[in-house]
Amino acid sequence: MKHGNIAIFVPHMGCPNQCSFCNQHLISGTQTPPTPNDVHQICTQVLEDVPSDQKQIEIAFFGGSFTAIDRGYMTDLLQAASAYLGNGRFSGIRISTRPDAIDREILSILKHYGVTAIELGAQSMDDTVLQKNRRGHTAADVERASDLIRRCGFSLGLQMMVGLYGDSKERLYQTAERLIACEPDTMRIYPTVILQGTHLAELYLTGKYVPMTLKDAVAVCTDLLIQFTKAGIRVIRLGLHDSPELIQNCIGGLYHPAFRELCESRIYYQKALAALQAQSLRHCLLLVHPREISKMIGQSRSNITALQEAGYTVKVMPDPDLIPYEVLIQPIEREV
């Protein structure tokens, strides 16, 4: 765990409205808001468990709109967390919040307590989609807050959702373009999951909302992953974090426990197929980084099967000199 974060959930606090898809209690598996003492206990335990040379870890307040909660409560949590920064301990504090809950005063407070990264739940950059999903902010709010965060020296993270009520593939790609223009350092892409107790669940059960198919979502998110990567933006999450609460309360939508791997496997398939077609080879070795072999093969050997159906006989081999998403091919004299 050389890099990562300690996720401390502040469940659905500070949000001025209930978004169509949101049930933070179910997503976080948390009902009780954390106290400063909870922060102390969590940080102390992690410091004991993680080796001293692996402390590039952030303390992360997720789950609600952190900068919209009660100001005193917010600063109490930050003060508790800030005591664990520096001197070989944690590298900084990351928070997530709403685009319309950011201003210069808030950013000054966050800077004082050692916050280094701020993530904004943009979800869409189409105002019609935002309105239909009861977000309560506009795309312009995302752009304004993003610019302010970057100019004040914070690392900027943005979050978007795929498959929202009223959204479309065309709007999704437009959202990605506008988010790239905001120049974030990191992105999170969340396929929409339908949870019990949400407005989206009501729309789904009455037939007013038809979720995107998993196949279409994988295709779109693969394109988005490529698009953000080409722009130099790290996609640090693709798909919701797996949890018993999520599985128990998910009634539809785009949940898959290995969603990112589905998308990355699709990237490898596309790259391998393009390389094979370009060199007119039928029998060859596919070389990828050793850690990427399972993605090249695909779940249940889906990529190998698809290539066989397209007329290619291949064997996947490791090459430690390659980088992620890189595929090289070597011809062989006979079938493998």
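Residues numbered from 1 in each chain as written. Predicted model: local features only at pLDDT ≥ 70, side-chain atom pairs only at ≥ 80, totals over all residues. Heavy atoms only, no water.

What follows deals with the packing of aromatic side chains. A full pass over the atoms with the stated rule returns three aromatic pairs. Taken together, a centroid distance of 4.9 Å and an interplanar angle of 15° make the contact between Phe61 and Phe66 stacked. On the accessibility criterion, Phe66 (1% relative accessible area) is buried. On the numbers, 6.2 Å between centres and 85° between planes, the contact of Tyr165 with Tyr209 is edge-to-face. Remark: Tyr209 occurs in the loop between α8 (199–205) and α9 (214–230) and Tyr165 occurs in the loop between β5 (155–162) and α7 (169–181); sequence separation between them is 44 residues. The cationic tip of Lys132 hangs over the ring face of Tyr165; the distance from NZ or CZ to the ring centre is 5.8 Å. (Phe/Tyr/Trp six-rings, centres within 6.5 Å; stacked < 30°, edge-to-face > 60°. Buried < 20%, exposed > 50% of the residue type's maximum accessible area, 1.4 Å probe, protein only. Helix = DSSP H or I, 4+ residues; strand = E, 2+ residues; numbered from the N terminus. Lys NZ or Arg CZ within 6 Å of the ring centre and 35° of its normal.)

Moving on, we get to the pattern of salt bridges. With the rule as written, the count across this model stands at 14 salt bridges. Measuring nitrogen to oxygen at the nearest pair gives 2.9 Å for the salt bridge that ties Glu143 to Arg178. Placement of the pair is Glu143 in helix α6 (residues 139–151) and Arg178 in helix α7, with a sequence separation of 35 residues. Residue classification places Arg178 among the partly exposed residues on the basis of a relative accessible area of 33%. Between Arg150 and Asp147 there is a salt bridge, with the nearest N and O atoms lying 3.6 Å from each other. Separated by three residues within a single helix, Arg150 and Asp147 lie in helix α6, roughly one turn from each other. (Salt bridge = Lys/Arg side-chain N within 4 Å of Asp/Glu carboxyl O.)

A separate point is the sheet that holds strand β12 (residues 328–331). Spatially, β11-β10-β12 is the arrangement adopted by the three strands of the open sheet, whose pairing is mixed. Each edge of the open sheet is held by one strand with a lone partner, namely β11 (313–318) and β12. The average undirected angle you get between the axes of adjacent strands in this sheet is 30°. Where strand β10 (residues 283–288) meets β12, four bridges bridge the pair, whose relative direction is antiparallel. Bridge assignment links Leu286 to a residue of β12, and that residue is Ile329. (Pairing = 2+ DSSP bridges. Axes fitted to C-alpha atoms, helices over the stretch in contact; angles between N-to-C directions.)

Now for the nonpolar core. Of all hydrophobic cores here, the largest spans 84 residues; its most connected members are Ile59, Phe61, Ile118, Phe228 and Leu286. When residues of this core are assigned to their parent elements, the largest contribution, nine residues, is made by helix α11 (residues 259–279). Membership of the second largest hydrophobic core comes to 12 residues, among which are Val129, Met161, Leu164 and Tyr209. (Core = buried A, V, L, I, M, F, W, Y, C linked by side-chain atoms within 4.5 Å.)

Next up on the list: the state of the cysteines. Going through the model one piece at a time under the given rule, you end up with zero disulfides. You can see Cys221 has no disulfide; the closest cysteine sulfur is in Cys263, sitting 5.0 Å from it. A residue is classified by how much of its surface remains accessible, and Cys221, at 0% relative accessible area, is buried. For Cys263, a relative accessible area of 0% gives the class buried. (Disulfide = S-S within 2.5 Å.)

So, on to unusual backbone geometry. One non-glycine residue with positive phi stands out, namely Gln123, at about 70°. As for its position among the elements, Gln123 is in strand β4 (residues 115–123). With phi around 55°, Ser280 is a residue other than glycine that occupies positive phi space. Locating Ser280 in the fold gives a position in the loop between α11 and β10.

Right, let's talk about the packing of α11 against helix α13 (residues 302–309) for a bit. Helix packing for two helices is described by the angle between their axes and how far apart those axes are. Running from N to C, α11 and α13 cross one another at 30°; their axes reach a closest spacing of 10 Å. Here α13 runs roughly parallel to α11, going by the angle between their axes. Pair α11 / α13 crosses with right-handed handedness. The residues of α13 that touch α11, namely those facing Ser265, Tyr269, Ala272, Leu273 and Leu276, are Asn303, Ala306 and Leu307. (Parallel < 35°, antiparallel > 145°, perpendicular 65-115°, else oblique. Left-handed = near helix turned anticlockwise from the far one by under 90°. Contact = heavy atoms within 4.5 Å.)

Time to look at the environment of Leu225. Mapped onto the secondary structure, Leu225 falls in helix α9. Sequence spacing of Leu225 and Glu264 is 39 residues, and the spatial spacing of their C-alpha atoms is 8.4 Å.

We now examine the packing of helix α2 (residues 36–49) against helix α3 (residues 71–82). Viewed as axis vectors pointing N to C, α2 and α3 meet at an angle of 25°, and their least axial separation amounts to 8 Å. By the angle class used here, α2 and α3 are roughly parallel. Crossing of α2 over α3 shows right-handed handedness. Every residue of α3 that contacts α2 at Pro36, Val39 and His40 is listed here: Asp76, Leu77, Ala80 and Ala81. For the contact of α2 with α3, the per-class residue count stands at five nonpolar, one polar and one charged. (Nonpolar A, V, L, I, M, F, W, Y, C, P; charged D, E, K, R; others polar.)

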